[in-house]
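# Residue-level structural notes
Chain residues, written in single-letter form:
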4 protein chains.
Amino acid sequence: MNMETIVKNDTQLLLAQYNKVRRHSEQICSPLETEDYVVQPIVDVSPPKWHLGHTTWFFETFILIPHFSGYKVFNSQYNYVFNSYYETVGARVVRTDRGNLSRPSVADIYTYRAYVDEQMEAYLQEAVLTDEIYSIFELGLNHEQQHQELLLTDIKYILGHNPLFPPYNENYSGNEKPDVDSGFISMPEGMYEIGFKGTGFSFDNESARHSKYLEAFEISSSLVTNSEYLKFMQQGGYENFIYWHSEGWDWVKEHQAKAPLYWHFIDGSWKYYTLKGLQEIDPDEAVCHINFYEASAFAAWKGMRLPLEEEWEAASSFFNWGNRWEWTGSAYLPYPRYKKEAGAIGEYNGKFMVNQMVLRGASIATPEGHSRSSYRNFFHPRHQWQFSGIRLVK
Amino acid sequence: MNMETIVKNDTQLLLAQYNKVRRHSEQICSPLETEDYVVQPIVDVSPPKWHLGHTTWFFETFILIPHFSGYKVFNSQYNYVFNSYYETVGARVVRTDRGNLSRPSVADIYTYRAYVDEQMEAYLQEAVLTDEIYSIFELGLNHEQQHQELLLTDIKYILGHNPLFPPYNENYSGNEKPDVDSGFISMPEGMYEIGFKGTGFSFDNESARHSKYLEAFEISSSLVTNSEYLKFMQQGGYENFIYWHSEGWDWVKEHQAKAPLYWHFIDGSWKYYTLKGLQEIDPDEAVCHINFYEASAFAAWKGMRLPLEEEWEAASSFFNWGNRWEWTGSAYLPYPRYKKEAGAIGEYNGKFMVNQMVLRGASIATPEGHSRSSYRNFFHPRHQWQFSGIRLVK
Amino acid sequence: MNMETIVKNDTQLLLAQYNKVRRHSEQICSPLETEDYVVQPIVDVSPPKWHLGHTTWFFETFILIPHFSGYKVFNSQYNYVFNSYYETVGARVVRTDRGNLSRPSVADIYTYRAYVDEQMEAYLQEAVLTDEIYSIFELGLNHEQQHQELLLTDIKYILGHNPLFPPYNENYSGNEKPDVDSGFISMPEGMYEIGFKGTGFSFDNESARHSKYLEAFEISSSLVTNSEYLKFMQQGGYENFIYWHSEGWDWVKEHQAKAPLYWHFIDGSWKYYTLKGLQEIDPDEAVCHINFYEASAFAAWKGMRLPLEEEWEAASSFFNWGNRWEWTGSAYLPYPRYKKEAGAIGEYNGKFMVNQMVLRGASIATPEGHSRSSYRNFFHPRHQWQFSGIRLVK
Amino acid sequence: MNMETIVKNDTQLLLAQYNKVRRHSEQICSPLETEDYVVQPIVDVSPPKWHLGHTTWFFETFILIPHFSGYKVFNSQYNYVFNSYYETVGARVVRTDRGNLSRPSVADIYTYRAYVDEQMEAYLQEAVLTDEIYSIFELGLNHEQQHQELLLTDIKYILGHNPLFPPYNENYSGNEKPDVDSGFISMPEGMYEIGFKGTGFSFDNESARHSKYLEAFEISSSLVTNSEYLKFMQQGGYENFIYWHSEGWDWVKEHQAKAPLYWHFIDGSWKYYTLKGLQEIDPDEAVCHINFYEASAFAAWKGMRLPLEEEWEAASSFFNWGNRWEWTGSAYLPYPRYKKEAGAIGEYNGKFMVNQMVLRGASIATPEGHSRSSYRNFFHPRHQWQFSGIRLVK
């Protein structure tokens, strides 16, 4: 009898898991003003209240409505507002519209959460979860954890692009793991097993576990720091196209990019917006909020390269990770024998497997318990607003 | 000694005027949720909290800072946030950004209002207003009244474009003036005096008063109703380009326009969003929320035309007006001998005198005391979101 | 028996008129390379071969097809290619597509012209023109003359935006009329008769002739010269928003405008592209290729204004005109009693009567015999590519 | 002494190679009208005359100017016009502008070609090519061959988007290789050597040759045909998002895609534009002009997938290929140990290694001698205008 079977029959454990995740979303939002929940400065950022509603909608739509007999939908129009991209479940609101919706209000959404939580508790008390339902339940929790990270990155964007630079939390302390520089780690050539292995939860994109032949490589034990990145900037990194992809160079010129996101040159020195407010740059901190084009250009300037995702996974037990999502040189594509699941759940990952790059690791914004060495995060190469950094390979 | 001189030396009267206007803005917002203050669904609509801040910034910037000795600016960064388009007074926030600003919060803005009001009261108690200061004071009040109308039109847009169609006020009763249809009024040809005449306040664009020769014309005593407009729709008004300007026809095709703004064909009948929520169309009400292209196309379909602004003004004492802003066939251009004033105040009207059409009258959203027969409102021909209607001439 | 009746029954005169106009279009194109006929650098410019085809299509569509019994259409697909904006006559090619069409070839279009000319000659030999047909015939000739001016402005744009700056004709001599500066002409206040009067051809927008009351004004006898405009530039005209309309200032910033179209600052001096190639600026020549925003800003900088179109018409007999289309301060709107004609011909002018400004006079590109003091040209305020200039009023 | 050394010292062979390639470009253009050389209907398509000039500029810039002493540049402004994207060699014309340039004329460009050819011949007669120069020479020939394929695809686009559907060549017979359907080929799991091997020319992106572990797979011996693709269309392939990537589905909706590029449903049956003009669909021909999204969706509908580029290369000796560029499921990324070369030549391939997908094989438009089983073609997933098709893996 494996771990999963034990969990799925233990009501108290299910409730504890559920409540832990659900409360954490609300805790992330606790420093916000009502107004902060509402805006959407760019299309990639969602209003915090939308994240709170959408993660709730997931449990209502995929568990309560189909499986909890007698469940009464909270508000039938919420599907229209809180569906994100599940084409299978009816017309979605175009993403750019999210920031136009003043209603449901924040209070309405907290009421919605409370209602769904109450119903989920009632359901978990009485139900015997089939494998299928348990795996949706687990997916719902992991889904909400993903949105917890997005909540923090989106809140940072909203406050960090306000001319008043309001701090999120003046006492915020990112929980960074030690990132000691002990040079490069040599990995031998050979066949490596890649992908998820184990009995707990994983996303479908981490499967099937498969063999990958890798040439020998050396990977840095530590992330690139702000002071190293500053040197790249000072030596003309943003002015010389030879370091950049063609698309990356277009991005530099279009945005007149000169520094990572959130950096501002004020009164003769570089500062950055942090969750504690505007601060002097810490030279020893891992550089953050750079996109794939920047990560790549930095590596080219150093005469090195980004790791393949399989290299990263193979070497990950030899270095500390978890401070920054680390851009890899791998495009986000299906693993051998990858299969999309049927129905709406099948839309989770597979349909994004084009024109995105894989990031590995986790960041200070990743909720506890939501990271694995086989985890595949993915974003478009232009995106800077995640807590993303650089690890080099030579 | 004229009216103006009396007023500007009567502190109690000044305070009463000031407070009446200032309180009215807040009263308009009283039914709102905090979230409703924040969003900006289209570039033409401003978030309600911005209107509240901007009108306050006007008094701070043009009266308190230059004229109230010892005045301490509330927050020096607010100029950056609440300036609208006064290039003379420093860098403005690009209009499209307003909906991205969660801060200052609604509470902050009410605090700002209270602070400026307190300071204005102190100032008015002790100051002797020069002609110049009095005219800025008066302009500030009229400016805020203009924003009161925009507050209501923008709130309607925000709530009326929310998929939940929340009412603004379920008991709202627009204060319509009787609009009895007594056919067409015949006006003889001749010289008419046009423009502001009197001693009270007027905008610079209503001057200089001047002579205008008009041919004989007949003008309708009443506005076009919903039932008449519905007939235009049913007889293919939106499908036949011959009624439309070339630009108007492009607008129809681009927006697949079929009806006035806020109209929805639901379950077999036309309904519209009103400040009381979604309602059946009232056939006898004056049609509302149509743009110049639509007004013009309707008139062409009827074999008539829109009045010139001078015809409207000349005939205005013979009909009731004030329910709808009435599109005229006149472009918004300077009157003979019009002069822009110096400084930021000079930016108020003159710089908009191109590519806009004049509307005359007032609407149910116009604050009491803010209408005159010489008043020249103006919008781009494509704009529908004002309470705009149609009066015909033949 | 009036002039028109005489003409329309005189076959030889009709043929002479027809051939003179038709040959002139071809003569304008004679210096072109085949490639120059094809491109469309901006949406406002049409490829020269399109002008040649479109003007031919006009005679085929409105005269030969409906009135010349037995006429065989040259190519039934040409209606699709050469209709411009006559919605009445079937689906038109979207204007932006014109520059994508390599076929019909230039040779094909000359063959088309020859075929239609031959047929028109046969038709004119045998037909007795009704009033209606004669007026379409006359309109066709005037229509082609309008396109002759556009041909020249579009050719200038095509060659003047090529990095090789090829001359159109190295010996081109614009046929400028003397433009002697004899100060300002004083015009008394009073009633003026405005609009077309006479028996020859005029466009529908020049009617009805009507009375207009004008205040006294003084109008310059000469156009603003390059040296005067250069002074405006040197004194910061393009850097100070107070001279500009709000839309105009947005245009300046968006295009980083610093000088009229075709001006280039090269090796320390201002040069401009002319039909003879790149030249030093002639300081005494009337400034050319400025848009309404620029004309307006220049006038504001001088403390003067642009004339109303009626002022221009009333005073036009007191000065020489014809070198530049002169921007007026009048929006393009219908005259009193203006009526659109029925059918496609009715689409000629009326549907453009919104968001455009009137220009009066004529330019060095206007064909002989195609100018009148009542002529109303019109363009969007942003357009620079016509031979447009400035006359001031104070 | 290897092949390469022999060639590079054999003047006659070099001249023969050079002239063969150069003449072929001109032969491709021989059926064109002058006008066809000029237009650029979309940004991805270049005007044929630009291809002719650009390939010539390559030899002038990288061989004659640096290496042929006394060489006189044909026209110093041509670098501005014909540089494509070599940032190292000065300001380039923005790609979208190419279709606006009527000059240099087609005749000028043929003169330019003749001049450069004459000079190249003189140079090759007298020079002893270093390895470096020889490799640039060889690159120049391969570069021109790539543009020969683009010439044909761009010409097809230009003529195929003209409402008159002019044939390129009524007797054109694409030179298709036999593509016999003998089911699926089974390939065993194992280590495969991937990348260029040999002594002739290859692009830098085909190196370094490296080991790749592949699982067992079965690959179709033949390409998907029009009749199979039609079945996908008829069974709702373009209406059901489950087959599509999220980006692909957005593309379908934005373009209202229903069929491959060049297909038209006319008078009750599907036709397509071919180089011979408009034709009935041939059901047995390999489907062509589909993009990656379509190829992928078709494979999903079949319950199969696209091959990895390494699978394709490993199996390529077991099937005929060369009729269509075959979309793979591999993103275009550097091979292990890939290094960009220094200088402008280094910009050739590496900087495009993001957000593009690999195509393998060759097409009927690929010049003879310009294909290899290790050749890596690449395009954005949205591109349809190449001669691209589908091979399946299960």
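These figures come from a predicted structure and were not determined experimentally.

Here the focus is the overall build of chain A. Assigned secondary structure in chain A consists of 10 helices and 11 strands. Over its C-alpha atoms chain A spans a radius of gyration of 22 Å, differing by no more than 12% from the 21 Å that the globule rule assigns to 394 residues. The C-alpha extent of chain A, read off along each of the three principal axes, is 65 × 55 × 35 Å. Relative to its 394 residues, chain A shows a buried fraction of 44%.

Attention shifts here to the interface of chain C and chain B. When the parts of a complex come together, some accessible area is lost, and that lost area is often used as the size of the interface. Listed by partner, the interface residues are 22 residues for chain C and 22 residues for chain B. Looking at the side of chain C that touches chain B element by element, the count peaks at four residues for strand β3 (residues 210-214) of chain C. Classifying every residue of the side of chain C that touches chain B gives 11 nonpolar, six polar and five charged.

Opposite the 24 residues of chain A that make contact, chain B presents 24 residues. The class makeup of the residues in the side of chain A that touches chain B is 12 nonpolar, eight polar and four charged.

With that settled, the discussion passes to the sheet that holds strand β8 (residues 325-331) of chain B. Residue and element names in this part refer to chain B. Sheet architecture is open: four strands sit in the order β10-β9-β8-β11, paired in mixed fashion. Only two strands of the sheet have a single partner each, and these edge strands are β10 (377-379) and β11 (388-389). Bridge analysis of β8 against β11 gives two bridges, and the strand direction is parallel. Across the sheet, the residue bridging to Trp325 is Ser388, located in β11.

With an RMSD of 0.0 Å, chain C superimposes on chain B once it is rotated by 180° and translated 0.1 Å along the axis. The operation mapping one copy onto its partner corresponds to a two-fold rotation axis. Residue Asn355 of chain C, judged by its C-alpha, is the member of chain C lying nearest the rotation axis, at 2.4 Å.

This next bit is on the domain arrangement of chain A. Residue and element names in this part refer to chain A. Along its sequence, chain A is organised into domain 1 (3-160) and domain 2 (184-389). Spacing between the C-alpha centres of domain 1 and domain 2 amounts to 27 Å. Taken together, the contact pairs 22 residues of domain 1 with 18 residues of domain 2. Listing elements by their share of the side of domain 1 that touches domain 2, those giving two or more residues are α1 (3-8) and α6 (131-160). In terms of residues, the side of domain 1 that touches domain 2 owes the most to one element, α6, which gives 12 residues. Residue composition of the side of domain 1 that touches domain 2, by class: nine nonpolar, seven polar and six charged.

The UniProt entry lists residues 184-316 of chain A under the feature "domain: Sulfatase-modifying factor enzyme-like" (unreviewed entry), expressed in the numbering used here. End-to-end, the C-alpha atoms of residues 184-316 of chain A are 13 Å apart, and along that stretch the chain is 28% helix and 24% strand.

Okay, unusual backbone geometry next. A negative phi angle characterises most non-glycine residues, just as the trans form characterises most peptide bonds. Residues and elements named next belong to chain A. The omega angle of the peptide bond from Arg103 to Pro104 is -5°, so this bond is cis rather than trans. Located in the positive-phi region is Phe165, a residue other than glycine, with phi close to 45°. In this structure, Phe165 sits in the loop between α6 and β1 (184-187). Residue Phe165 is classed as partly exposed on the basis of its C-beta count, with 17 C-beta atoms lying within 10 Å.

Ile390 of chain A, Ile390 of chain B, Ile390 of chain C together with Ile390 of chain D are the most contacted members of the largest nonpolar core, which has 333 residues in total. Beyond its immediate sequence surroundings of up to four residues, Ile390 of chain B is in contact with Leu223, Val224, Val287, Ile290, Ala295, Phe298, Ala299, Glu326 and Trp327 of chain B.

Once that is clear, we can look at the relation of the copies chain A and chain B. For the pair chain A and chain B, the best superposition has an RMSD of 0.0 Å and corresponds to a rotation of 180° with a translation of 0.1 Å parallel to the axis. A share of 100% of the interface residues of chain A reappears at the interface of chain B, consistent with the copies meeting face to face through the same patch.

This paragraph deals with the pairing of β8 of chain B. Residues and elements named next belong to chain B. Most of β8 sits out of view: seven of its seven residues are buried. Of the two faces of β8, the one carrying Trp325, Trp327, Gly329 and Ala331 and the one carrying Glu326, Thr328 and Ser330 are both buried. The pairing of β8 with strand β9 (residues 357-361) spans four bridges and is classified as antiparallel. Bridge assignment links Trp327 to a residue of β9, and that residue is Leu359.

The subject of this paragraph is the packing of helix α2 (residues 11-29) of chain A against helix α5 (residues 106-126) of chain A. Residue and element names in this part refer to chain A. Contact geometry of α2 with α5 gives a least axis separation of 9 Å together with a crossing angle of 165°. Taken together, the axes of α2 and α5 lie roughly antiparallel to each other. Seen along the crossing, α2 lies across α5 with a hand that is right-handed. Between α2 and α5, the residues in contact are Thr11, Leu14, Leu15, Tyr18 and Arg22 and Asp117, Met120, Glu121, Leu124 and Gln125, respectively. A per-class count over the contact of α2 with α5 returns five nonpolar, two polar and three charged.

Here we come to the confidence of the model for chain A. Looking at chain A as a whole, the pLDDT averages 93, with 95% of positions reaching at least 70. Among the scores for the predicted complex, ipTM is 0.94 and pTM is 0.94.

Another point: the environment of Glu313 of chain B. Residues and elements named next belong to chain B. Residue position: Glu313 is located in helix α10 (residues 309-315). Along the backbone, Glu313 and Asp117 are 196 residues apart, and their C-alpha atoms lie at a distance of 37 Å. Ignoring sequence-local partners within four residues, the contact set of Glu313 consists of Ile194, Arg360, Ser373 and Ser374.

Turning next to the sheet that holds strand β6 (residues 269-274) of chain C. Residue and element names in this part refer to chain C. Strand order in the open sheet formed by three strands is β5-β6-β7, with antiparallel pairing between adjacent strands. With one partner strand each, in any of the chains shown, β5 (263-266) and β7 (277-280) form the two edges of the open sheet. Across this sheet, the average inter-strand angle for adjacent strands is 35°, counted without regard to direction.

So, on to helix α3 (residues 48-67) of chain C. Residue and element names in this part refer to chain C. Under the 1.5 Å per step criterion, the end-to-end length of α3 is 28 Å for 20 residues, consistent within 8% with the ideal 28 Å. The largest bend in α3 is about 35°, located at Glu60. Of all 20 residues that make up α3, 17 are buried, and the element is covered over most of its length.

Residue and element names in this part refer to chain C. For Pro188, the position within the fold is in the loop between β1 (184-187) and β2 (190-194). Owing to 9 C-beta atoms within 10 Å, Pro188 belongs among the exposed residues under this scheme. In the structure, Pro188 is positioned 26 residues away from Leu214 in sequence and 8.2 Å away in space, judged by C-alpha atoms.

All names here are of chain D. In contact at an axis separation of 10 Å, helix α2 (residues 11-29) and helix α6 (residues 131-160) are set at 15° when each is read in the N-to-C sense. Here α2 is positioned roughly parallel relative to α6, judged by the angle of their axes. Between α2 and α6 lies a crossing of left-handed hand. Of the residues in α6, those touching α2 at Gln17, Tyr18, Val21, His24, Ser25, Ile28 and Cys29 are Leu141, Glu144, Gln145, Gln148, Leu151 and Leu152. Of the residues assigned to the contact of α2 with α6, the class counts are seven nonpolar, five polar and one charged.

Calculation criteria
Residues numbered from 1 in each chain as written. Chains lettered and ligands numbered in written order. Predicted model: local features only at pLDDT ≥ 70, side-chain atom pairs only at ≥ 80, totals over all residues. Helix = DSSP H or I, 4+ residues; strand = E, 2+ residues; numbered from the N terminus. Rg over C-alpha atoms; globule rule 2.2 N^0.38 Å. Buried ≥ 20, exposed ≤ 12 C-beta atoms within 10 Å, placed from the backbone. Contact = placed C-beta atoms within 7 Å. Nonpolar A, V, L, I, M, F, W, Y, C, P; charged D, E, K, R; others polar. Pairing = 2+ DSSP bridges. Least-squares fit on C-alpha atoms with pLDDT ≥ 70 in both. Domains from an automatic or database assignment. UniProt positions renumbered as here; feature names shortened; annotations may be inferred. Core = buried A, V, L, I, M, F, W, Y, C linked by C-beta atoms within 7 Å. Axes fitted to C-alpha atoms, helices over the stretch in contact; angles between N-to-C directions. Parallel < 35°, antiparallel > 145°, perpendicular 65-115°, else oblique. Left-handed = near helix turned anticlockwise from the far one by under 90°. pLDDT = per-residue confidence, 0-100. Expected span 1.5 Å × (residues − 1). Bend = angle between axes of the 7 residues up to and from the residue.

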